[in-house]
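Each chain, letter by letter, is given below.
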Amino acid sequence: MIVLAVVGLIACNPDNPDSGQEPSIAGTIEAFKKALVEADAEALDQLTAASLTYGHSSGLIENKEEFISALVDGTSNFLDIRLSDQQVTTSGDIAIVRHQLDAETEDAGKPRATIRLHVLTVWQHAGGQWKLLARQAVKTDR
């Protein structure tokens, strides 16, 4: 009886990211992908933690302000993003997401390009939503 009560409390807890009452991590990743392509500063601000560390496959590391600014001013410009082979692991309020990213880019001062990356992101569920804490991408063979 006590076990059922505890399970019920966990399932109904609004701070529990697996409660079904909050946006799923998969839904958040889709929203993030859309915000990247649209360079939507407001959505990107809402989806990222203040302490964001965003690692590019080139080795460049950006904080939240630098990351959003580069997208808004066109320094980094995603025309299309396709994600595949996504794997999600959760532990408490943390989600670790790995996937392959295939994208069309047209970064400022560079010709249009097709990229393929392996990406690792770390998300934290707080205040009723998932926020990106960290991201690292590495280049992969085609």
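Conventions we followed
Residues numbered from 1 in each chain as written. Predicted model: local features only at pLDDT ≥ 70, side-chain atom pairs only at ≥ 80, totals over all residues. Heavy atoms only, no water. Helix = DSSP H or I, 4+ residues; strand = E, 2+ residues; numbered from the N terminus. Contact = heavy atoms within 4.5 Å. Pairing = 2+ DSSP bridges. Core = buried A, V, L, I, M, F, W, Y, C linked by side-chain atoms within 4.5 Å. Buried < 20%, exposed > 50% of the residue type's maximum accessible area, 1.4 Å probe, protein only. Phe/Tyr/Trp six-rings, centres within 6.5 Å; stacked < 30°, edge-to-face > 60°.

Engineer: I'd love a proper account of the overall build of the protein, names of residues and values included.
Structural biologist: Check the secondary structure of the protein and you find four helices and six strands. Going from N to C terminus, the protein has its helices and strands arranged as α-α-α-β-β-α-β-β-β-β. Across the protein, contacts joining residues at least 24 apart in sequence account for 48% of those joining residues at least 6 apart.

Engineer: Residues and numbers for the pairing of strand 6 (residues 129-139), please.
Structural biologist: Consecutive residues of a regular strand have side chains that alternate between opposite faces of the sheet. Across four bridges, strand 1 (residues 48-55) lies against strand 6 in parallel orientation. Bridge pairing in strand 6 places Gly55 opposite Gln136. Sheet topology places strand 5 (residues 113-126) next to strand 6; ten bridges connect them, and they run antiparallel. Bridge pairing links Leu120 to Gln136 in strand 6. Linking two consecutive strands that pair antiparallel, namely strand 5 and strand 6, is a turn of two residues; a positive phi of about 60° is found at Gly127 within it.

Engineer: Tell me about the nonpolar core, and name the residues and values.
Structural biologist: When a protein is soluble and globular, its nonpolar side chains tend to lie buried together. Ile25, Phe32, Leu36, Leu44, Tyr54, Phe67 and Trp123 are the most contacted members of the largest nonpolar core, which has 24 residues in total. Broken down by element, this core gets its largest block of residues, five residues, from helix 2 (residues 25-38). Apart from the residues within four sequence positions on either side, Phe32 is in contact with Leu44, Leu47, Thr48, Tyr54, Phe67, Trp123 and Leu132.

Engineer: Tell me about the packing of aromatic side chains, and name the residues and values.
Structural biologist: Under the definition given, this model contains three aromatic pairs. Connected via pairs of aromatic rings, a cluster forms that spans Phe32, Tyr54, Phe67 and Trp123.

Engineer: Which residues make up the environment of Val37, and what are the values?
Structural biologist: Summarising the element assignment, Val37 is placed in helix 2. Residue classification places Val37 among the partly exposed residues on the basis of a relative accessible area of 30%. Distance in space between the C-alpha atoms of Val37 and Ser76 is 9.9 Å, their sequence separation being 39 residues. Non-local contacts of Val37, meaning those with residues more than four positions away in its chain, are made with Phe78, Leu79, Asp80 and Ile81.

Engineer: Which residues make up the side chain of His56, and what values go with them?
Structural biologist: Among the structural elements, His56 can be located in the loop between strand 1 and strand 2 (61-63). The class for His56 is buried, based on a relative accessible area of 16%. Residues within four places of His56 in sequence aside, it is in contact with Glu62, Ser76, Arg135, Gln136 and Ala137.

Engineer: Explain the pairing of strand 1 to me, and be specific about the residues and the numbers.
Structural biologist: The pairing of strand 1 with strand 2 spans three bridges and is classified as antiparallel. Pairing of Thr53 across the sheet is with Asn63, part of strand 2. Taking the residues between adjacent antiparallel strands as the criterion, strand 1 and strand 2 are bridged by five residues, where Gly59 takes a positive phi near 100°.

Engineer: Can you tell me about unusual backbone geometry, naming the residues and giving the values?
Structural biologist: One can expect most non-glycine residues to show negative phi and most peptide bonds to be in trans. Positioned with a positive phi, Ala39 is a non-glycine residue whose angle comes to about 50°. Position of Ala39 relative to the elements: it lies in the loop between helix 2 and helix 3 (41-47). Although it is not a glycine, Asp85 adopts a positive phi angle of roughly 50°. Among the secondary structure elements, Asp85 is positioned in strand 3 (residues 78-91). For Asp85, a relative accessible area of 58% corresponds to the exposed category.

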